[in-house]
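# Coordinate inspection notes
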Amino acid sequence: MRLGGGAVLSGCVLAGWLVSGLPALAAFKLCNQSYDVLNIAIAQPGPEQAAADDFVTRGWWRVAPNQCATLVREPLKTRFLYVFATDVFGKEALSGAIPLCVGTRRFVIERQGDCLLRGFLDARFLEVDTTDQSDWTVFVSPRPS
């Protein structure tokens, strides 16, 4: 078994797993190691990746403490994916610097930009570098006190 890259980033641990010799279902997963129920949104480049606003955001997955959720159920086709998470009270639990749109309920949003004018919320997504692996897991750890 080989372990992929890992990094600690603002209270969150990001790690990718590559298991060789075993049949694996390629996917993008998130494991909640925090004490809070998390609402998760993801973003992936859209079909026309040349356009700066061509991202598709999807949400929400609810992930309980000590549980994992599969967010993409196919081999990853892009090196970078983007993740945003809030707790059940709406407080950001995992965020970054990439501004993208999210909805208040379950959503799929194509094209980004002018989120508020289009009736969506603005969120700052964390960029996840999967190092071109087809299978990757993000671990969200408790926030430091």
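Residues numbered from 1 in each chain as written. Predicted model: local features only at pLDDT ≥ 70, side-chain atom pairs only at ≥ 80, totals over all residues. Heavy atoms only, no water.

### Some thoughts on the pattern of salt bridges
Between side chains of opposite charge, a pair can form when the charged atoms approach closely. Where we set the bar: Salt-bridge detection follows one rule: a side-chain nitrogen of Lys or Arg within 4 Å of a carboxyl oxygen of Asp or Glu. Burial here depends on accessible area, computed with a 1.4 Å probe over protein chains only, as a share of the maximum for the residue type. Under 20% is buried, over 50% is exposed, and the range in between is partly exposed. The helix and strand labels rest on DSSP assignments: H or I over at least four residues marks a helix, E over at least two residues marks a strand, and numbering proceeds from the N terminus.
The final tally for this structure, using the stated rule, is 3 salt bridges. A salt bridge links Lys-77 to Glu-74; its shortest N-O distance comes to 3.5 Å. The class for Glu-74 is partly exposed, based on a relative accessible area of 36%. Measuring nitrogen to oxygen at the nearest pair gives 2.6 Å for the salt bridge that ties Arg-79 to Asp-129. On the criterion of sequence distance, the pair formed by Arg-79 in the loop between strand E6 (67–72) and strand E7 (80–87) and Asp-129 in strand E11 (residues 121–129) is long-range, its members being 50 residues apart. On the basis of relative accessibility, which here comes to 35%, the residue Arg-79 falls in the partly exposed class. For Asp-129, a relative accessible area of 30% puts it in the partly exposed group.

### Description of the nonpolar core
For the record, the criterion: Grouping buried Ala, Val, Leu, Ile, Met, Phe, Trp, Tyr and Cys residues that are joined through side-chain atoms within 4.5 Å yields what is termed a nonpolar core. Residue contacts follow a heavy-atom distance rule, with two residues in contact if any of their heavy atoms lie within 4.5 Å.
Formed by 20 residues in total, the largest nonpolar core has its most connected members in Phe-28, Leu-30, Ile-40 and Val-83. Secondary-structure elements contributing two or more residues to this core are strand E3 (28–32), strand E4 (38–45), E6, E7, strand E8 (92–94), E11 and strand E12 (136–140). Ignoring sequence-local partners within four residues, the contact set of Ile-40 consists of Leu-30, Arg-58, Gly-59, Trp-60, Trp-61, Val-63, Leu-71, Val-83, Phe-84 and Ala-85. Judged by nonpolar contacts, the second largest core, of 14 residues, contains Phe-84, Leu-100, Ile-109 and Phe-125.

### Quick look at the environment of Thr-104
When you line up the elements, Thr-104 lands in the loop between strand E9 (98–102) and strand E10 (107–110). Between the C-alpha atoms of Thr-104 and Trp-60, which are 44 residues apart in sequence, the distance is 8.7 Å. Residues in contact with Thr-104, not counting those within four places in the same chain, are Trp-60 and Leu-121.

### Details of the state of the cysteines
Which entries qualify depends on this criterion: Disulfide: a pair of cysteine sulfur atoms within 2.5 Å of each other.
Evaluated as defined, the whole model comprises 2 disulfides. The disulfide partner of Cys-101 is Cys-115, and the S-S distance across this bridge is 1.9 Å. In this structure, the disulfide formed by Cys-101 and Cys-115 twists by about -90° around the S-S bond and is classed as left-handed. With a gap of 14 residues between them, Cys-101 in strand E9 and Cys-115 in the loop between E10 and E11 connect regions that are remote in the sequence. Overall, the relative accessible area of 0% leaves Cys-101 in the buried class. The connectivity of the disulfide-linked cysteines in the protein chain, indexed sequentially, is 1-2, 3-4.

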